[in-house]
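Notes for the structure review
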Amino acid sequence: MSVVAEENRVKQSYKYVGTRPARHDGLEKINGKARFAADITKPRMIHGHVLRSPYAHARILSIDTSMAEAMPGVKAIVTESDFPLPKKDEGFPHRPKNLIARDKVRYEGQAVAAIAATTRRQAREAAAKIIVNYEELPNVMTIDEAIADDASLVHENLITKGIDPKEAKPSNIAESNFYECGDIDVGFAEADIVYEHEFTTEAFHQGYIEPHACLADTGKDGRSEIWCSSQGHFMVRSATANMLGWETSRIKVVPAEIGGGFGGKTTIYLEPLAVKLSEKADRPVKMVMSRDEVFKATGPTPGTKIRVKIGAKKSGEITAGKAWLAYQSGAFPGPWGMLGGWCIFACYNIPNVQIEAYEILLNRPVNIAYRAPSAPMAAYPTETVLDQIAKEIDMDPIDLRMLNAVKEGDIQLGDFGGKYPRIGIKETLEAIKNHPNYIISLGPNQGRGIATGYWFNIAESSSATINLSEDGRAVVMTGSPDIGGSRASMAIMAAEVIGIDVKLIQPVVGDTETVGFTDVTEGSRATYATGIAVVNAAEKIVTKLRERASIMWDCNLEDIEWVDGRAIHKDGKETPMSLPEITAQAKKTGGPLNATGSLETKGQGPAFSTQLCDLEVDPETGRVTILRYTTAQDAGTAIHPSYVEGQMQGGVVQGIGMALNEEYIYNQKGRMENPGFLDYRMPVASDLPMIETIIVEVPNPKHPYGVRGVGEVGIVPPLPAVANAIHDAVGVRLREAPMSPVKVLKALNQKNGANR
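Everything numeric here is computed off the predicted structure, so don't read it as measured data.

A few words now on the overall build of the protein chain. A tally of regular secondary structure across the protein chain gives 20 helices and 28 strands. Against the globule reference of 27 Å for 756 residues, the protein chain gives a C-alpha radius of gyration of 27 Å, in line with a compact fold. Taking the principal axes of its C-alpha atoms as reference, the protein chain extends roughly 90 × 75 × 55 Å. Partitioning the intrachain contacts of the protein chain with sequence separation of at least 6 by distance along the chain shows that 79% fall at a separation of at least 24. Surface summary for the protein chain: the accessible area is close to 29,200 Å², and the carbon and sulfur share equals 49%. The positive charge centre, built from 82 side chains, and the negative charge centre, built from 94, are 4 Å apart in the protein chain.

Applying the stated criterion across every chain yields a total of 15 aromatic pairs. Ring geometry for Tyr 14 and Tyr 705: centres 5.2 Å apart, planes at 90°, overall edge-to-face. Residue Tyr 14 is located in the loop between β1 (2-4) and α1 (26-30), and its partner Tyr 705 is located in the loop between β27 (691-696) and α19 (718-730); the two are separated by 691 residues in the primary sequence. Across this residue pair, the class does not change: Tyr 14 and Tyr 705 are buried. Seen in terms of ring centroids, Tyr 420 and Phe 608 are 6.2 Å apart; in terms of plane orientation they differ by 55°. Their pairing is tilted. Of this pair, Tyr 420 sits in the loop between α12 (397-404) and α13 (425-433) while Phe 608 sits in strand β25 (residues 607-617), and the two are 188 residues apart along the sequence. Comparing Tyr 420 with Phe 608 shows no difference in burial state: the two are buried. Members of the aromatic cluster, connected to one another through ring pairs, are Phe 295, Tyr 664, Tyr 666, Phe 677 and Tyr 680. Taking the ring centre of Phe 188 as reference, the NZ or CZ of Lys 309 above it sits at 4.4 Å.

When pLDDT is averaged along the protein chain, the result is 95, and 97% of the positions lie at 70 or above. Every residue in residues 5-11 is under pLDDT 50, and counting partners more than four places away or in other chains gives 13 contacts.

In this fold, Pro 84 is placed in the loop between β4 (74-78) and α3 (95-99). Given a relative accessible area of 41%, Pro 84 falls into the partly exposed group. Considered as a pair, Pro 84 and Gly 245 are 161 residues apart in the sequence and their alpha carbons are 6.5 Å apart. When near neighbours in sequence (up to four residues on either side) are disregarded, Pro 84 contacts Arg 102, Met 243, Leu 244 and Gly 245.

As a further point, take the layout of surface pockets. If you add up the space inside the second largest pocket, you get close to 510 Å³. Lining the second largest pocket we find 24 residues, and of these Glu 28, Arg 35, Pro 255, Glu 257 and Arg 487 sit closest to its centre. Put simply, the parts of the chain that give the lining of the second largest pocket at least two residues each are α1, β12 (251-255) and β20 (505-509).

Take the pattern of salt bridges next. Taken as a whole and judged by the stated rule, the model has 40 salt bridges. One salt bridge connects Glu 156 with Lys 104, and the closest N-O pair in it is separated by 2.8 Å. Remark: Lys 104 occurs in strand β5 (residues 104-105) and Glu 156 occurs in the loop between α5 (143-147) and β8 (173-181); sequence separation between them is 52 residues. With relative accessibility at 0%, the residue Lys 104 sits in the buried group. Between Asp 614 and Arg 628 there is a salt bridge, with the nearest N and O atoms lying 3.0 Å from each other. Placement of the pair is Asp 614 in strand β25 and Arg 628 in strand β26 (residues 624-634), with a sequence separation of 14 residues. For Asp 614, a relative accessible area of 1% corresponds to the buried category. Relative accessible area serves as the criterion here: at 24%, Arg 628 is assigned to the partly exposed category. Salt bridges here are not isolated pairs; linked through shared partners, they connect Arg 23, Asp 25, Lys 29, Glu 257, Asp 482 and Arg 487.

A few words on the side chain of Glu 697. Structurally, the position occupied by Glu 697 is in the loop between β27 and α19. Within polar-contact distance, the side chain of Glu 697 engages the backbone nitrogen of Ala 638 at 2.6 Å.

Looking at α12, one finds that the buried residues are Ile 398, Leu 400, Arg 401 and Asn 404. Along α12, the residues classed as buried sweep out an arc of 160° about the axis, all on the same side. In this fold, the buried residues of α12 make contact with β15 (318-330), α11 (375-392), α13, β17 (446-455) and α19. If you check the start of α12, you find a side-chain oxygen 2.7 Å away from the backbone N of Ile 398, and it comes from Asp 396.

Taken in spatial order, the 4 strands line up as β20-β19-β18-β24 in an open sheet, and their pairing is mixed. Since the sheet does not close on itself, it has two edges, and those belong to β20 and β24 (593-601), each with one partner. With direction set aside, neighbouring strand axes in the sheet form an average angle of 15°. Of the strand pairs in this sheet, strand β18 (residues 460-468) and strand β19 (residues 474-478) are connected by 5 bridges, and their pairing is antiparallel. Note that in β19 the partner of Leu 468 across the bridge is Ala 474. Running at roughly 145° to β24, helix α15 (residues 526-553) makes contact with β18, β19 and β24 of the sheet.

Moving on, we get to the packing of helix α14 (residues 486-498) against α15. Running from N to C, α14 and α15 cross one another at 30°; their axes reach a closest spacing of 9 Å. Judged by the inter-axis angle, α14 sits roughly parallel to α15. Judged by the sense of rotation from one axis to the other, the crossing of α14 with α15 is right-handed. Here Ser 486, Ser 489, Met 490, Met 493, Ala 494, Val 497 and Ile 498 of α14 lie close against α15, whose contacting residues are Ala 526, Thr 527, Thr 530, Gly 531, Val 534, Val 535, Ala 538, Glu 539, Ile 541 and Val 542. Of the residues contributing to the contact of α14 with α15, the split by class is 11 nonpolar, 5 polar and 1 charged.

Quick look at α19 now. In this model, α19 (13 residues) spans 18 Å end to end at C-alpha, consistent with the 18 Å of a helix rising 1.5 Å per residue. Counting buried positions over the 13 residues of α19 gives 12, a clear majority of the element. For α19, the complete set of buried residues consists of Pro 718, Leu 719, Pro 720, Ala 721, Val 722, Ala 723, Asn 724, Ala 725, Ile 726, His 727, Ala 729 and Val 730. After α19 finishes, the residue Gly 731 shows a positive phi value of roughly 80°.

Below, the discussion takes up the pairing of β15. Note on strand geometry: in a regular strand, side chains alternate between the two faces of the sheet. Across the 13 residues that make up β15, a large majority, 12, are buried. In this structure, strand β14 (residues 304-312) lies alongside β15, joined through 9 bridges in antiparallel fashion. Residue pairing for β15: Lys 309 is matched across the bridge by Lys 322. Counted between consecutive antiparallel strands, the loop separating β14 from β15 contains 5 residues, among which Gly 316 sits at a positive phi close to 100°. Pairing analysis gives 9 bridges linking β15 to strand β16 (residues 353-361), with the strands arranged parallel.

Calculation notes
Residues numbered from 1 in each chain as written. Predicted model: local features only at pLDDT ≥ 70, side-chain atom pairs only at ≥ 80, totals over all residues. Heavy atoms only, no water. Helix = DSSP H or I, 4+ residues; strand = E, 2+ residues; numbered from the N terminus. Rg over C-alpha atoms; globule rule 2.2 N^0.38 Å. Contact = heavy atoms within 4.5 Å. Areas by Shrake-Rupley, 256 points an atom, 1.4 Å probe, with all protein chains shown as cover. Lys, Arg positive; Asp, Glu negative; His and termini not counted. Charge placed at Lys NZ, Arg CZ, Asp CG, Glu CD. Phe/Tyr/Trp six-rings, centres within 6.5 Å; stacked < 30°, edge-to-face > 60°. Buried < 20%, exposed > 50% of the residue type's maximum accessible area, 1.4 Å probe, protein only. Lys NZ or Arg CZ within 6 Å of the ring centre and 35° of its normal. pLDDT = per-residue confidence, 0-100. 1 Å grid on protein atoms, 1.4 Å probe; cavity = no way out; pocket = protein on both sides within 12 Å on 5 of 7 lines; lining within 4 Å. Points joined across faces, edges and corners; volume = space filled by probe spheres on them. Salt bridge = Lys/Arg side-chain N within 4 Å of Asp/Glu carboxyl O. Polar contact = N/O pair within 3.5 Å; in protein donor to acceptor, adjacent residues only side chain to side chain. Arc of directions from axis to C-beta. Pairing = 2+ DSSP bridges. Axes fitted to C-alpha atoms, helices over the stretch in contact; angles between N-to-C directions. Parallel < 35°, antiparallel > 145°, perpendicular 65-115°, else oblique. Left-handed = near helix turned anticlockwise from the far one by under 90°. Nonpolar A, V, L, I, M, F, W, Y, C, P; charged D, E, K, R; others polar. Expected span 1.5 Å × (residues − 1).

Have a look at this one:
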């Protein structure tokens, strides 16, 4: 069910924006014709397999491939010696050492060698014959172990960034980030109530259905073509070229359909291996990960340890917020602590703030983005402590948030600097408070929780090309892989500008040689940034159509308006001319009609979501059942409301999984014990109620149609919303996620024991 908050609807009337056309790629996906990476085959194709480390931490003493080379069907083998260390890899300087181990392995599942053979079985059997001599080293698997004085070092020479003066000794603390405003001591002195608590979360995987897969075909001319499952094929091209020491012009990447990503397919794992194997074998090489490999070797979201201290007056005004955040980064550094620091107090205008955020290295797979990366873990402590304050002062939890919510003109913490533009946090709070579910009566052991979340969204580079055919139809080509309905949103925005039915527009995701450079589909940027490129291209097309009409009518361009897909003479001297009538004469008036929009999009559209969770706790088992769930999110403008609702519901489902069940479980040797969907417990349909969505529309002034991006913020509030509802139901505060039945039951037993 969906409700669009009418009082927040965009005031301007649109013909296509806000409608719900059938998805352009729907039929092929329903009938099985859509081609995913593992579906693609080539003549003479062989299969690749990766030999992975059985150890969490070990020095590689030697690798002997001679027995494997003699195995039946083997065509090529690669090790680290086949990949030169690049001079630099901007943004991911450690990626080459992660893709294939060099001096030592730093987590179970890290690639050590790869082999290509005629069949997958032959490749697996041959890989087992590669002899690797290891010297096993002590591992660090938790934040506390990693920051201990006597901790084993994941990298012997890593010096913490962000500390002045520079640290003298290496450690497992990769980076420190510090943010502050006001005077934290004054802020807490002004508070009537102060709460301080520590929270922990485990690592969660994105859980995409389609594993990582690719096919590479490297020719004798030294060029390679790659088909892959990825959120950004231009990223695949540049990262693969960098890993191989090639020019990017030697690689063409064709985006396959993607069976889920959620941020987990914004990097590379297989592609350079496949390209090099293909080059050595002179055959196309396909590589597909098993589910075990996906869990052990591809990035989950970071586990965390976070301490939050918040002070408030009895009136509900927050006076101070202090946070210490430690984010797991896996075996190599990332930006996760920094992002958590940006998000932890972002929903609220707190005059006195101090934030320390740290990036901690462990012997675990490298963490990678997962839908608003770092934000759910940051929201968990803040929103839980606010719930505690609301109960202490007997104030409605939504009213407390309304009182302190950020607004246009307030300062944004973090590297964004500046001030908030127009935002819709208060509108989402009002939407939940006014919803009927907020006043439904609850029964025994049932509780209600509220939480609000923030994500900043990003922009970056995008390109789009629009081609008009002779019969007046349009092809809209972009470089953004469609992971959440962006084909439809691009077609809708083009239809709105050009004035033709959205059914007459064919949206296409072009390869790296047919469309201009486009950054990864991440950060809720596709409909926002690539959408601007599409609008720019469409506006150029309209200008060209007016120019062609002026030629056909022998008048000035200024005399012609474009209205509802037709050229109109301002003075009414000519009969209006439709787009097909103009394109049919394109050869006589100047040739093919097309236009391109390319830009580095500036700014971002901050997004907020407020969510309401009703649940029931079984006091005998600790099992939590979600009864009702309602989510309100500011979409800016819902280009295709059905897709917006789907994104909102999907974020909630994944957030509930984080809250109740999902976690990486390791033994003392650093080996993962639940690398499969049977033991890694993700929510299924029977675990969930219908999720009601409220689309709030407070247009983003930086986008032609007010788009903010909707793919990420929805995953932020569920973790604290569930925690707050559990407390409301049975009176226990859980500060460790996931809040599994074992943990809930333990907390209940402790409470009951204390009562007895």
